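# Tertiary structure, described
Residues per chain are reported as follows:
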Amino acid sequence: MPVERKHEMGAGGDCICPKCETRIAHEQGVLCQETHCPSCGAKMLREGSEHYRRWKNKQSGGTERLIFDTGRSSARGARNPEARPMARSTLSLVSRLLPRRLRGLAPTVVADDRGGRMVFLIECLLNQNARDRGAARSPAAERELVDLLLDAGVGLVQMPCPETYCLGFERKRAPGQSLRQALEAEQPAACCRHLATIAARRIQTYLEQGYEVIAILGGNVQSPGCAVHIDGGGGTRLTGRPGVFMQALSDELARHDTHIPFHRIRDADPDLLRRDIQWLREQLGRDRKPQQV
Ligand code: SF4
């Protein structure tokens, strides 16, 4: 017997997280509201549904936020109808008053105090509790890194830990199997690719909206999931034997012809950590134009 549809959204489309705006492909037969966001765990919404419309409406409501509509649609056509009634002259005046790096931005950039720059970084740099036994270097987070980024007005986007997400918190594996071997097995490797797809999509969404993604920050060189090996500083392609997740992320970005510098924060060694922090400090000092796609 055919299943009665309660909506006209069809079988495809996406589920959107109302909390962090992560987007994943809708799985036919599974309600988006029964799906938890892979990034933050919140319940997701079906794009185009009534709940989704109400969320978008609430999100764009309020008189203090100015929403720009330059007439350019985002990749998935998510223009905000609330922005349209605003007079073009007002938009152009506010646009001229914006910092240079935020001018001419895509449809939904809000004119407020945001800096428009961010890094994507692995979970344990902000939450050492994700680390395997014996690997944590501090009680909470890599403070020097966090302070540096916050002082520079740079947002921190945390990517989920591939080991705990794909192997479970205990990092379950067969006796004698290394963590690297466990992550390279069929299902965990597919799980890493899934996480990489989500991270790459989030990066692209920010780029499409005119934001700057300064770098992707990975982990120590021996990390099975997040090691970053690069030639010189901040290569946009990985070399050597990167972590399983990092390799998947690099592949996914390459597939979309997206070029973001990879780097690593090697906190297992104080000298290397100092060098990595210095590299980042130099990147933050550069006056770059926003990356647009
Ligand atoms: S897998 Fe990555 S995020 Fe998880 S603890 Fe290891 S380095 Fe950190």
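Structure: above.
My aim in this report is to walk through the structure given alongside it, one point at a time. Please read these numbers as outputs of a predicted model, since none were measured by experiment.

## Things to note about the environment of Glu184
By the secondary structure assignment, Glu184 is in helix α6 (residues 179–184). Assessed through the 14 C-beta atoms surrounding it within 10 Å, Glu184 is described here as partly exposed. With sequence-adjacent residues up to four places away left out, Glu184 is seen in contact with Ala189 and Val244.

## Here's the deal with the sheet that holds strand β2 (residues 23–25)
Ordered in space as β2-β1-β3, the 3 strands form an open sheet in which the pairing is antiparallel. Each edge of the sheet is formed by a strand with only one pairing partner; in this case those strands are β2 and β3 (45–46). In terms of strand pairing, strand β1 (residues 14–16) meets β2 through 3 bridges, oriented antiparallel. Looking at β2, one finds that Ile16 is bridged to Arg23.

## Focus: the pairing of strand β6 (residues 212–218)
Counting buried positions over the 7 residues of β6 gives 7, a clear majority of the element. Examined bridge by bridge, strand β4 (residues 117–122) and β6 share 5 bridges and lie parallel to one another. By the bridge assignment for β6, Leu121 is matched with Leu217.

## Some points on the sheet that holds β4
Two strands in a sheet stick together by hydrogen bonds in their backbones, pointing the same way (parallel) or opposite ways (antiparallel). Reading across the sheet, the 4 strands line up as β5-β4-β6-β7 and stay open at both edges, with parallel pairing between neighbours. For this open sheet the edge positions go to β5 (155–159) and β7 (262–264), each flanked by a neighbour on one side alone. Put simply, the sheet's adjacent strands are angled 30° from each other on average, direction ignored. Along the sheet face, helix α9 (residues 270–285) touches β6 and β7 and points at about 140° away from the line of β7.

## A word on the site of the ligand
Neighbouring the ligand are the residues Ile122, Glu123, Cys124, Ala130, Arg131, Cys161, Pro162, Glu163, Gly219, Ser223, Gly225 and Cys226. Counting residues per element, the ones that place at least two in the shell around the ligand are α3 (123–126) and α5 (162–167). Split by residue class, the shell around the ligand holds 6 nonpolar, 3 polar and 3 charged.

## Considering the nonpolar core
Soluble globular proteins tend to pack their nonpolar side chains together in the buried interior. Judged by nonpolar contacts, the single largest core of 46 residues is most densely connected at Cys192, Ala199, Val213, Phe245 and Leu249. Broken down by secondary-structure element, the contributors of at least two residues to this core are β4, α3, α4 (143–151), α5, α6, α7 (186–208), β6 and α8 (244–255). Broken down by element, the residue count for this core peaks at 10 residues, all from α7. The next biggest cluster of nonpolar side chains, apart from the first, holds 8 residues, and it includes Ile16, Cys17, Leu45 and Tyr52.

## Observations concerning unusual backbone geometry
Phi at Arg171 is positive, roughly 55°, even though this residue is not glycine. When you line up the elements, Arg171 lands in the loop between α5 and α6. Positioned with a positive phi, Asp257 is a non-glycine residue whose angle comes to about 55°. Overall, Asp257 belongs to the exposed group, with 7 C-beta atoms counted inside 10 Å.

The rules behind the values
Residues numbered from 1 in each chain as written. Predicted model: local features only at pLDDT ≥ 70, side-chain atom pairs only at ≥ 80, totals over all residues. Helix = DSSP H or I, 4+ residues; strand = E, 2+ residues; numbered from the N terminus. Buried ≥ 20, exposed ≤ 12 C-beta atoms within 10 Å, placed from the backbone. Contact = placed C-beta atoms within 7 Å. Pairing = 2+ DSSP bridges. Axes fitted to C-alpha atoms, helices over the stretch in contact; angles between N-to-C directions. Near = placed C-beta within 6 Å. Nonpolar A, V, L, I, M, F, W, Y, C, P; charged D, E, K, R; others polar. Core = buried A, V, L, I, M, F, W, Y, C linked by C-beta atoms within 7 Å.

From the geometry alone we can't say anything about function, so treat these as descriptive.
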